[in-house]
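Residues per chain are reported as follows:
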Amino acid sequence: QLVEGIGLDRVIDWLAGDPSGRETEGSAEMEAICRRLFGGPCDAAHRTALYWLGVARIGEQVAQALAYAHDQAVVHRDIKPGNLLVDREGRVGGTDCGRARADQAPQVTQAGHVAGTLRYMAPERLEGRTDARGDIYALGMTLYELLPLRPAYGATEASGLVRQITQTDPVAPRKVVTGIPLDL
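What counts, and where the lines are drawn
Residues numbered from 1 in each chain as written. Predicted model: local features only at pLDDT ≥ 70, side-chain atom pairs only at ≥ 80, totals over all residues. Heavy atoms only, no water. Core = buried A, V, L, I, M, F, W, Y, C linked by side-chain atoms within 4.5 Å. Buried < 20%, exposed > 50% of the residue type's maximum accessible area, 1.4 Å probe, protein only. Helix = DSSP H or I, 4+ residues; strand = E, 2+ residues; numbered from the N terminus. Contact = heavy atoms within 4.5 Å. Pairing = 2+ DSSP bridges. Axes fitted to C-alpha atoms, helices over the stretch in contact; angles between N-to-C directions. Parallel < 35°, antiparallel > 145°, perpendicular 65-115°, else oblique. Nonpolar A, V, L, I, M, F, W, Y, C, P; charged D, E, K, R; others polar. Lys, Arg positive; Asp, Glu negative; His and termini not counted. Salt bridge = Lys/Arg side-chain N within 4 Å of Asp/Glu carboxyl O. Polar contact = N/O pair within 3.5 Å; in protein donor to acceptor, adjacent residues only side chain to side chain.

Caption draft 1: A look at the nonpolar core. If you look at the biggest cluster of nonpolar residues, it comprises 37 residues, and the most contacted ones within it are Val11 and Phe38. Looking at this core, the elements that each hand over two or more residues are helix H1 (8-16), helix H2 (27-38), helix H3 (49-71), strand S3 (84-87), helix H4 (132-146) and helix H5 (158-167). Broken down by element, the residue count for this core peaks at 6 residues, all from H3. Apart from the residues within four sequence positions on either side, Val11 is in contact with Ile6, Met30, Cys34, Leu37, Phe38 and Val86.

As structure tokens, then:
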């Protein structure tokens, strides 16, 4: 199915960006999409109860889609903001199922290679263990990024990311941004 929209990664980048640099091509469209997602002004300074509710709705929409896929014994294996499209109505859906596989199917990647995007991978994925829980972890990493508008792990090189993923916990988002509701 063709979904006309933009990647959630672009929304996050736009929200985290400098407001003075927002007068770029497509900013009116981006503002409209963000308003549908979050119900109000779309910049980091205006993250209100409506924004937090929007984050929860995004999580709910993606979790429902993943539940359906997992019920069909399909694991996506590359959930991340760039693979979640936001349509013009503010609905979020998954895309890029090129790494998806049936849960019980043999690995199709070469031995020693792990499919997916490292920044959003569960620690057990790095050991070659893949199941639906890895998709849920990746959704959690994506939702984390929507809270402080930065990734859970900041390393930029693969070795640093692996070390952070396997040896540390991310900083609690409420320590980075005040006002995040406890339930969220």
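Caption draft 2: Here's a closer look at the sheet that holds strand S1 (residues 5-7). Read across the open sheet, the 3 strands follow the order S1-S3-S4; overall the sheet is antiparallel. At either margin of the open sheet sits one strand with a lone partner, and together these are S1 and strand S4 (92-94). Across this sheet, the average inter-strand angle for adjacent strands is 35°, counted without regard to direction. Where S3 and S4 come together, 3 bridges link them in antiparallel fashion. The partner of Leu85 across the bridge, within S4, is Gly93. Contacts between H1 and the sheet are confined to S1 and S3, with S1 contributing the most and set at about 70° to the helix.

Caption draft 3: Spotlight on the packing of H1 against H2. Taken N-terminus to C-terminus, the directions of H1 and H2 make an angle of 100°; their axes are 11 Å apart at the nearest point. The angle between the axes of H1 and H2 places the two elements in the roughly perpendicular class. Residues Arg10, Val11, Trp14 and Leu15 of H1 lie in contact with H2, whose contacting residues are Ser27, Met30, Glu31, Cys34, Leu37 and Phe38. Taken together, the residues of the contact of H1 with H2 break down into 7 nonpolar, 1 polar and 2 charged.

Caption draft 4: Spatial organisation of the side chain of Asp135. Topologically, Asp135 is positioned in helix H4. There is no salt bridge for the buried Asp135, and the closest opposite charge comes from Arg125, which lies 5.6 Å off by N-O distance. Within polar-contact distance, the side chain of Asp135 engages the side chain of His70 at 2.8 Å. Asp135 has contacts with Leu66, His70, Val75, His76, Arg77, Asp78 and Ile79, leaving out every residue within four places of it along the chain.

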